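Understanding the architecture of this molecule
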Number of protein chains: 2
Amino acid sequence: MLYLIGLGLSDETDITVKGLEIVKKASRVYLEAYTSILLVDQPTLESYYGRSIEVADREMVESNSDAILRGADTEDVAFLVVGDPFGATTHTDLVLRARELKIPVRTVPNASIMSGIGACGLQLYNFGQTVSMVFFTESWRPASFYDRVAENRGLGLHTLVLLDIKVKEPNFESLARGRLVYEPPRFMSVGTCARQMLEVEEEHVKAGGEGGVCGPDALAVGAARVGGKTERFVAGTLRELCDADDALGPPLHSLVLLGSRTHELEHDFVREFAVDKENWDRIWKANYQPST
Amino acid sequence: MLYLIGLGLSDETDITVKGLEIVKKASRVYLEAYTSILLVDQPTLESYYGRSIEVADREMVESNSDAILRGADTEDVAFLVVGDPFGATTHTDLVLRARELKIPVRTVPNASIMSGIGACGLQLYNFGQTVSMVFFTESWRPASFYDRVAENRGLGLHTLVLLDIKVKEPNFESLARGRLVYEPPRFMSVGTCARQMLEVEEEHVKAGGEGGVCGPDALAVGAARVGGKTERFVAGTLRELCDADDALGPPLHSLVLLGSRTHELEHDFVREFAVDKENWDRIWKANYQPST
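Residues numbered from 1 in each chain as written. Chains lettered and ligands numbered in written order. Predicted model: local features only at pLDDT ≥ 70, side-chain atom pairs only at ≥ 80, totals over all residues. Heavy atoms only, no water.

Here's the deal with the overall build of chain A
A tally of helices and strands in chain A yields 13 helices and 12 strands. Taken over the C-alpha trace, chain A has a radius of gyration of 21 Å; the compact-globule value for 292 residues is 19 Å, and the two agree within 12%. Projected onto its principal axes, the C-alpha coordinates of chain A cover approximately 60 × 50 × 35 Å. The burial tally for chain A puts 56% of its 292 residues in the buried class. Contacts in chain A between residues far apart in sequence, at least 24 positions, make up 71% of those at least 6 positions apart. Accessible area of chain A: about 12500 Å², with a carbon and sulfur share of 48%. (Helix = DSSP H or I, 4+ residues; strand = E, 2+ residues; numbered from the N terminus. Rg over C-alpha atoms; globule rule 2.2 N^0.38 Å. Buried < 20%, exposed > 50% of the residue type's maximum accessible area, 1.4 Å probe, protein only. Contact = heavy atoms within 4.5 Å. Areas by Shrake-Rupley, 256 points an atom, 1.4 Å probe, with all protein chains shown as cover.)

Comments concerning the pattern of salt bridges
Here the structure, examined in full by the defined rule, presents 28 salt bridges over all chains. A salt bridge links aspartate 11 of chain B to lysine 18 of chain A, with the shortest nitrogen-to-oxygen separation between them at 3.2 Å. Taken as a pair, aspartate 11 of chain B in the loop between β1 (2–6) and α1 (17–25) and lysine 18 of chain A in helix α1 (residues 17–25) lie in two separate chains rather than in one. As far as burial versus exposure is concerned, aspartate 11 of chain B and lysine 18 of chain A are alike and both buried. (Salt bridge = Lys/Arg side-chain N within 4 Å of Asp/Glu carboxyl O.)

Side note on the relation of the copies chain B and chain A
Each of the two copies of the chain can be brought onto the other by a rotation about an axis and a shift along it. Superposition of chain B onto chain A requires a rotation of 180° combined with a translation of 0.0 Å along the rotation axis, giving an RMSD of 0.0 Å. One copy is carried onto the other by what is essentially a two-fold rotation axis. (Least-squares fit on C-alpha atoms with pLDDT ≥ 70 in both.)

Focus on the packing of aromatic side chains
Considering all chains together, one arrives at 13 aromatic pairs over all chains under this definition. Seen in terms of ring centroids, tyrosine 48 of chain A and tyrosine 49 of chain A are 6.4 Å apart; in terms of plane orientation they differ by 65°. Their pairing is edge-to-face. Classification of tyrosine 48 of chain A by relative accessible area gives partly exposed; the value is 25%. On the accessibility criterion, tyrosine 49 of chain A (2% relative accessible area) is buried. An aromatic cluster of at least three residues, connected via ring pairs, comprises Phe86 of chain A together with Phe233, Phe269 and Phe273 of chain B. Geometry around phenylalanine 273 of chain A places arginine 99 of chain B over its ring, the cationic atom sitting 5.4 Å from the centre. The ring centre of phenylalanine 135 of chain B lies 3.9 Å from the NZ or CZ of arginine 186 of chain B, which sits over that ring. (Phe/Tyr/Trp six-rings, centres within 6.5 Å; stacked < 30°, edge-to-face > 60°. Lys NZ or Arg CZ within 6 Å of the ring centre and 35° of its normal.)

Some points on the sheet that holds strand β11 (residues 232–237) of chain A
Remark on secondary structure: sheet strands pair via backbone hydrogen bonds, oriented parallel or antiparallel. All names here are of chain A. An order of β6-β7-β12-β10-β11 is seen for the 5 strands of this open sheet, with the pairing classed as mixed. Edge positions in the sheet fall to β6 (131–133) and β11, since each has one partner strand and no second. Recorded for the sheet is a direction-independent mean angle of 25° between the axes of neighbouring strands. In this sheet, strand β12 (residues 253–257) lies alongside strand β7 (residues 159–163) in antiparallel orientation, the contact comprising 4 bridges. Counterpart to leucine 162 in the pairing with β12 is serine 254. Contacts from helix α7 (residues 144–154) reach β6, β7 and β12 within the one sheet, and its direction differs from that of β6 by about 140°. (Pairing = 2+ DSSP bridges. Axes fitted to C-alpha atoms, helices over the stretch in contact; angles between N-to-C directions.)

Brief notes about the pairing of strand β10 (residues 219–224) of chain B
Residue and element names in this part refer to chain B. Judged by how many residues are buried, β10 sits mostly within the fold: 6 of 6 residues are covered. The alternating pattern of β10 places Leu219, Val221 and Ala223 on one face and Ala220, Gly222 and Ala224 on the opposite face, and all of these are buried. Bridge count between β10 and strand β11 (residues 232–237): 6 bridges; the pairing is antiparallel. Residue valine 221 lies in a different strand from β11, and its bridge partner there is alanine 235. Relative to strand β12 (residues 253–257), β10 is paired through 5 bridges, and the arrangement is antiparallel. When the bridges of β12 are listed, alanine 224 appears paired with histidine 253.

What about helix α13 (residues 277–287) of chain A?
All names here are of chain A. For α13, the set of buried residues is Asn279, Trp280, Ile283 and Trp284. For α13, the angular spread of the buried residues around the axis is 125°, confining them to a single face. Exposed residues pointing more than 90 degrees away from the buried face of α13 are listed as Glu278, Arg282, Lys285 and Ala286. For α13, the secondary structure elements touched by its buried residues are β10 (219–224), β11, α10 (238–241) and α12 (264–271). (Arc of directions from axis to C-beta.)

Here we look at the environment of leucine 257 of chain A
Residues and elements named next belong to chain A. Among the structural elements, leucine 257 can be located in strand β12. On the basis of relative accessible area, leucine 257 is assigned to the buried category, the value being 0%. Along the primary structure leucine 257 and asparagine 152 are separated by 105 residues, whereas in three dimensions their C-alpha atoms are 9.7 Å apart. Every residue in contact with leucine 257, bar those within four places of it in the chain, is listed here: Val149, Arg153, His158, Thr159, Met197, Val213, Cys214, Ala218, Leu219, Ala220 and Leu238.

And the structure:
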C-alpha cells in the first residue's frame, strides 16, 4: 500500500495519530520537501518518529517515482507531505502512476494552508480560486495571477496567495562552469508579495487597464506560520503590508487579498490584526461593505 | 487558554498528536456536534481520549458560550470541532467572545472537507467559492446557491457543495403540542443534492433563465466519507448522480460540480470514478476542455 500522509502545517506533533501509526510501521518513509516545509527540520522528525526518512526532491518524485513505489504492492510505503497530500499537482501524478502499477493507495488527510488560513478570521466560504506568487526576476515576471485575482474581486471574493519557496535550486553560474551547487533556500515574505502585486497593478494601469485589483489601498491579511505556536497575522493595505515583514517574523508566509463581499464578523475578527485600525475601518467602510 | 481543536474528517485516530495531548490534559472538553459529525460516536471518542466529553449543541455555543469559556483565563478548555475549527462561522463568534473576556485562544488545525476534497483528483487551485445545500421543504427551497455556482462556472471553476445535516432538530408537531421531541438525525445524500440542483436549474430555465449551470449533463463528483477507510467517489452527470447513493454508501456525502477550466491530470484521475466512462469522456471532450 502507498500511504500519502499529510503532516499538517507546523511541527512534528501536527501529524495525526493515524498517520504516526503508519509511519512507525511502514517499510520505507519518504518526505516530500520541495512544495512546502514544516517549521522543524528532518532530524527532529526522524527522532520523533523513531525512523529514518528519505527526502524526496522534485526530481525524484517527478522523474523517478518508481523508486518510491518499488514493492508497494506487497509492503507499506509512507510518503509524507507537508500540509495535505492533495495541495499540489505532483502527488496526483504519483497516485496515477501507482494505479498503473496496480498499487493500492490510501490518503491520510491533514490541515492544509487552504483551510488553515481560516484562522485569520476570513470565512472560507468567501474565498475564490487560489493563486501562486513566484519570485520575480529581471526577465521573468509572470503576471497571470493578476487576471485570476481580478476574477475573484469581480465577484467580491477573497484570494489566498501562496508564496514561492525555493529549495534545492541549482546556482546557474556554477552550473554554467560545470559545478552543481545549490542556492540557500528562499521563502517569499508578505512584503515581497505585496510589492510585486503593486508593481503588476501599476503596469496594468500604465498599459491602460482599469486597476482596482491590487493597488496600494487594497486590503489584505499577511499570515505567518499558520497553525504554529508563533502564528501571526497582520492586516492592512497592500502598501502597509510592504513593511510588515518584521512584525510577521520568520517564514512561512501567505497573503489573503480581501474581496468586497464581506461579513460583519470578518470585520470584527480581522480588525484586531490591523497595522492602523483607523485606516482599516475607513477603507473597509468605503469599499468593503456587504452589498446586501 | 481556550483551545480550538480540529478532529479531522473520519474517526478517533484523525486527531493530531498535538491535539490529543491537549485533550488529555484540559480541565474540560467540549465537542461541537451540529455543523458536522465524525463517523464514530461519542463513547468511542471518550474511551480513546480517556476523558468524558460534553456535547455542545448549537444553542449552547451560540447563546451560552460563557459556560464554555468559564475559567478559561486560568485553566485549559478544549473545544473539539469536526474537520478544521474555522470551517464554520460559529467558532469565529466563540473566539470573539473569548477576546472580550481576555481569554487567550489557540487553534490546532486539522483536515477540513474544504481541502480534503482534493482527494477526488480535482485541483484545489481550480475551486471557486463553496456553497451549502439545505434540505428543501414544500415551502422553503432556498436557491441562492444557484447564483454562486453560476459565478464559479462563469469563470470555469469547480464548486464544492456542502450538504445539509440535521442533528437534534425538534419535531414541530410535538412542539406544537408542548412536548420537546427530537427528530432522528438526517444527512443529505449526493442523490438528493443532485435532484435539488436539477430542480432549481429547471425552474430557472422555465423562468426564462439561460441555464447551463447545473443541468442534467453537468459533470460532478459525489464524495462519501472523505478521508476515511471507506472513502468513495462516484463521478458522472448530475442525472447519473441522482442514482449514485447506493454506490456511495452511508454519510457523510459532499458533491463537487465541475468547472470547465480543467487540467488533463484531473481528467485522468477522476475518470476512474465515472459511472459511465464513455459518457464521461464524451461530455468532457465537448464541454470541459481547457480553453487555453
